[in-house]
Amino acid sequence: MDRRSETELIGFTLNGDAVQSASPGSARLSAVLREELNAKDVKVGCNAGDCGACTVLIDGAPVCACLTSTAQAKGRDVQTLRGVAPDILARLQQSFTAHQAAQCGICTPGMIVSAAALLRDVPSPNVAQVQDALGGVLCRCTGYRKIIDAVVAVGAGIPEVDATGAIGDAIARIDGQTKVDGSERFGDDVAPDGALVALVIRSPYPHAVFEFGDLEAVRKIDGIEAVLSAKDVPGDNLFGTIPGFIDQPVFAETQARFKGEAVALVIGEADTIAAFRIGDFPVTWTQLPAVQDVTEAQANDAPQLHTGHKNNLMCGGFVAHGDMDAGLAEADIVLSGSFETSFVEHAYIEPEAGYAEMVEGRLHLHICTQSPVMNQEALANILACDEDNIRIVPTAVGGGFGSKLDLTVHPYVCLGAMVTERPVRMCYSRVESMATSTKRHPGRIEIKGGVRHDGTLTGLRFVGDFNTGAYASWGPTVANRVPLHASGPYRIPNYRAQSKGIYTHCPPSGAFRGFGVPQSAIAQESLFDELAAAVGMDALEFRILNALDNGVPTVSGQVFEQGVGVKACLEALRPAWESGKAECAQFNASSPHLKRGVGIAAGWYGCGNTSMANPSTIKCGLRPDGTLVLHQGAVDIGQGSNTVITQIFAQAFGVAVDQVALVGADTDITPDAGKTSASRQTFVTGNAAKLSGESLRRQVLTLVNAAEDDQIVLGDGSIEMSGAHKIDLSRMDVGEDGYVMRAVASYDPPTEPLDENGQGVPYAQFGYAAHLVVVEVNTKLGTINPINIVAAHDVGQAINPLLVEGQVQGGVAQGLGMALMEEFIPGRTDNLHDYLIPTIGDVPPIETVIVEEPDAHGPFGAKGLGEHALIPTAPAILNAVNNATGVRLRHVPALPHRVRAALKEAGYE
């Protein structure tokens, strides 16, 4: 048989057009579609068939394009999202947009393609059919329920939304169209053709020293343009996030401190890098003893990761309020407990990606990031150049949740572009992403609390050790935030909380939706259930009795005169709590090994930085043609800040949202709106948007001496006020940025420093939440199945209730994963097959209850939400398991083997 020619073309039909590929038949179809045929609506999240983002239709059947060879497509019909039948596609796009079923949007093409295949055969599917059809596509943002609703509605009726986008209007996100039509451009979608590719050489050991061999031999390989290491970094070979803790090298110099740490960079043509064997890179390793557990790391004879940090102590946090010893002494009952949480992987579907190039002597970086200005500052130090010589243009971000605050591919593509003077791109593989990205800090927690017979709390002691990994990242923030939050949103007169961040030979732990608060809430809310039971009180009544209220000091001594909404959140759960208790009791009476229980938990979260400057700046202007422009630099990572901040601005200026032209984040043209983290964008940047809108409005009204309440109407080259005044913008002088009128405004939340006991004003506002979960426990198998969830959230003022629901459901799903299945094991977990996140079949129905207790500082009374949505879910699940079985689980995730062991110890067969 003749061998097939290397240059034989493979032909197939793509979205109705005949195409040919010159790639080898063994090439992944996903790569051919994206890189050769420019079908960038096909997204790649894993290259292992785990995430389903690359789903396409071949002869009408959904398949993972990353697991399909190009040869398998020969002579067949291939459809990506853009090739889906127009009638079905249009209805799916409309429904996904109307339901907020696309948040970051990276999984959306795979979801829509899978849904289209279902709707072709089942025009009016039910929930179970949708779950079955979309079960192979993972989403990390939405919690899936909005996606299910959207697909069901295509057959049952898509809701119409008629609203202007005023505060409180549940409008669809203003940037939603590109997410549902496949044109959204993520980090790996934007590099120009012919860009060089960067490949990082990484440590295969958690702790090792190394020596390079003949690097010149690598540099002489055809297609290799550069080989870089620590000595090639022109500035500081360090990065980090917190001043005083900038301790992670761009390239390790002689010693690697975690498996996956970067030691060198190879840059070359795409084909050359694809064929490059990492094992052939000339480096010799000598493995050293490693410590990956916080207890072992604090031993006197443990290897020390960093000088000046005895016993591997990175830093600590401390809060003392009242007299804790006296508080416990006066208690009628004192209980204590130990709890442990694991590393949790962010598992965003979009791996870290971007490209850099030199443009007229300046470095331009296009990157998926949550913090463009912070990245710009860090890169200036690494590259030894002025910040003004670095332009960062954020791409769409396919999920972040905190980890995309840190530098990832940034310094490597930037160094590559500077050295080669050509565009350089990089996209982490899933293995690379999981090995090197920051994680949620594992916590080892001891907690003790005292209570009187009447249910009143008298004191609480909290001690938590957190595994910060090899480098600090956001560890100092976690160490300082946890003691301020470990009380939960409760009145505790006597309190002492200590935390430590401990260095280990693990991947760095960083920011992950809650900065350590979800870990502390597991311990605190579990103990509160035990204290309530010990005094014979209902768990809900116990929390309401002890909940914070207006005028009551927090454990940092801070007093809020308004806006403390935790009691309202707890009260909102009462109907479901009472019915849940009765229904579970009835079920259990006739079920021998399936037991149901209902659990509750509350949570709170201080929005923004802790006792630190935290400003955002917004710019806006009017063009001569009457266009109203908002420069909005807050990166939208799926949560909806583009929409919410535009709604706030439009309301402040006095027009509908559709009259605002949005300019997205770009360090050259948008002011610094701060990082997208700590639930700060709606609150902080929203306030800046409100102030800028009001300032521009005053300029317009003052120009013609119009009344404060006059209605502004934008026209073609003009503005009218209530029909009585008209401004001809086209005749006005054009000033800075091309505007005839312009406003810039900043907002920084009012906070105060903390004293040595953690007393002060750490946050200008808190958000509050309470969750209820009903679970079913199989006592023979140790499995836990959530049945339904009710989530009550005090958001101050819901700027957009539809986006609130989306945030809550996504946070709940992540909390569910943390409680039941997610456990990253350093050195072992490297894919989305072994690391389990909730699928579309794992998340039960979620009822979102929006509570509105206006905040004194929030824009139109609004509060942040992002972190709060996650915090109460895991402890509510654990409390529900205890309610069902009488067993208290103290180690999450509650994997079946751990649950079964606890059940056996409690006497279950």
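See the structure above.
Conventions adopted
- Residues numbered from 1 in each chain as written.
- Predicted model: local features only at pLDDT ≥ 70, side-chain atom pairs only at ≥ 80, totals over all residues.
- Heavy atoms only, no water.
- Helix = DSSP H or I, 4+ residues; strand = E, 2+ residues; numbered from the N terminus.
- Contact = heavy atoms within 4.5 Å.
- Areas by Shrake-Rupley, 256 points an atom, 1.4 Å probe, with all protein chains shown as cover.
- Lys, Arg positive; Asp, Glu negative; His and termini not counted.
- Charge placed at Lys NZ, Arg CZ, Asp CG, Glu CD.
- Phe/Tyr/Trp six-rings, centres within 6.5 Å; stacked < 30°, edge-to-face > 60°.
- Buried < 20%, exposed > 50% of the residue type's maximum accessible area, 1.4 Å probe, protein only.
- Pairing = 2+ DSSP bridges.
- Axes fitted to C-alpha atoms, helices over the stretch in contact; angles between N-to-C directions.
- Parallel < 35°, antiparallel > 145°, perpendicular 65-115°, else oblique.
- Left-handed = near helix turned anticlockwise from the far one by under 90°.
- Nonpolar A, V, L, I, M, F, W, Y, C, P; charged D, E, K, R; others polar.
- Patch = residues over 30% accessible without salt bridge, like charges linked within 9 Å, V, L, I, M, F, W, Y side chains within 5 Å.
- Salt bridge = Lys/Arg side-chain N within 4 Å of Asp/Glu carboxyl O.
- Polar contact = N/O pair within 3.5 Å; in protein donor to acceptor, adjacent residues only side chain to side chain.
- Core = buried A, V, L, I, M, F, W, Y, C linked by side-chain atoms within 4.5 Å.

Caption draft 1: Seen up close, the overall build of the protein chain. Scanning the protein chain for helices and strands turns up 23 helices and 34 strands. The principal-axis extent of the C-alpha atoms belonging to the protein chain is close to 85 × 80 × 60 Å. A sequence separation of at least 24 residues applies to 77% of the contacts in the protein chain between residues at least 6 apart. Element-wise, carbon and sulfur atoms account for 48% of the exposed surface of the protein chain, whose accessible area totals about 31,700 Å². For the protein chain, the centre of its 66 positive side-chain charges and the centre of its 104 negative side-chain charges are spaced 4 Å apart.

Caption draft 2: Main features of the packing of aromatic side chains. For the coordinates displayed, the defined rule picks out 15 aromatic pairs. Relative to Trp285, the ring of Phe210 lies with its centre 5.1 Å away and its plane at 45°, an arrangement referred to as tilted. Note that Phe210 is positioned in strand E7 (residues 208-212) and Trp285 in strand E11 (residues 283-287), a separation of 75 residues in sequence. Like Phe210, the residue Trp285 is buried in the burial classification. Consider the rings of Trp604 and Phe766, whose centres lie 4.3 Å apart with planes at 15°: the pair is stacked.

Caption draft 3: Molecular detail of the pairing of strand E1 (residues 10-14). Residues Ile10, Phe12 and Leu14 point to one face of E1 and are all buried, whereas Gly11 and Thr13, pointing to the other face, are not buried. Where E1 meets strand E2 (residues 17-21), five bridges bridge the pair, whose relative direction is antiparallel. Of the residues in E2, the one forming a bridge with Thr13 is Ala18. Taking the residues that link successive antiparallel strands as the turn, the E1-E2 hairpin has two residues, and the phi of Asn15 there is positive, at about 55°. The pairing of E1 with strand E5 (residues 77-79) spans two bridges and is classified as parallel. Residue Thr13 lies in a different strand from E5, and its bridge partner there is Asp77.

Caption draft 4: Inspection of the sheet that holds E11 at higher detail. Here three strands make up an open sheet; going across it, the order is E9-E7-E11 and the pairing antiparallel. The open sheet is flanked by strand E9 (255-256) and E11, the only strands paired with a single partner. Bridge count for E7 against E9 is two bridges, and the pairing is antiparallel. Bridge pairing in E9 places Ala208 opposite Ala256.

Caption draft 5: The packing of helix H2 (residues 86-99) against helix H5 (residues 145-156), seen in detail. At their nearest, the axes of H2 and H5 sit 8 Å apart, and the two run at 140° to each other. Of the possible angle classes, the one that applies to H2 and H5 is oblique. In this structure, H2 crosses over H5, and the sense of that crossing is right-handed. Judged by residue contacts, Arg91, Leu92, Ser95, Phe96 and His99 of H2 engage Lys146, Ile147, Asp149, Ala150, Val151, Ala153 and Val154 from H5. Looking at the contact of H2 with H5, its residues break down into seven nonpolar, two polar and three charged.

Caption draft 6: The arrangement of unusual backbone geometry in detail. Residue Val892 is joined to Pro893 through a cis peptide bond whose omega torsion reads 10°. Checked against the element boundaries, Pro893 lands in the loop between strand E34 (891-892) and helix H23 (896-905). In this model, Glu360 sits at a positive phi of 50°, which is unusual for a non-glycine residue. You can see Glu360 is positioned in the loop between strand E15 (353-359) and strand E16 (362-367). The phi dihedral of Ser679 is positive, around 55°, even though this residue is not glycine. Given the relative accessible area of 9%, Ser679 is considered buried.

Caption draft 7: A nonpolar patch on the surface, seen in detail. There is a patch of nonpolar side chains on the surface, built from Met358, Met418 and Val419 and spanning about 220 Å² of accessible area. Along the chain, the position of Met358 falls in strand E15. Its relative accessible area of 32% is what places Met358 among the partly exposed residues.

Caption draft 8: Expanded view of the environment of His505. Counting through the fold element by element, His505 comes out in the loop between strand E22 (495-503) and helix H15 (517-534). For the pair His505 and Asn467, spaced 38 residues apart in the sequence, the C-alpha separation amounts to 9.6 Å. At 3.4 Å, the side chain of His505 and the side chain of His207 are in polar contact.

Caption draft 9: Expanded view of the nonpolar core. Counting 167 residues, the largest nonpolar core has Leu92, Phe96, Met111, Ile784 and Leu889 as the members making the most contacts within it. In contact with Phe96, other than residues within four places in its own chain, are Ala101, Ala102, Thr108, Met111, Ile112, Ile147, Ala150, Val151 and Val180. Counting residues in each nonpolar core, the second largest holds 41 residues, with Leu628, Ala634, Phe683 and Ala706 among its members.

Caption draft 10: View of the sheet that holds E22. Spatially, the six strands line up as an open sheet ordered E12-E22-E21-E20-E13-E34, and their pairing is mixed. Looking along the sheet, the strands with just one partner apiece sit at the ends: strand E12 (313-321) and E34. Looking at chain direction, strand E21 (residues 457-469) and E22 are connected through nine bridges and run parallel. For Gly464, the partnering residue across the bridge sits in E22 and is Ser499. H15 contacts strand E13 (333-341), strand E20 (443-451), E21 and E34 of the sheet and is inclined by roughly 150° relative to E13.

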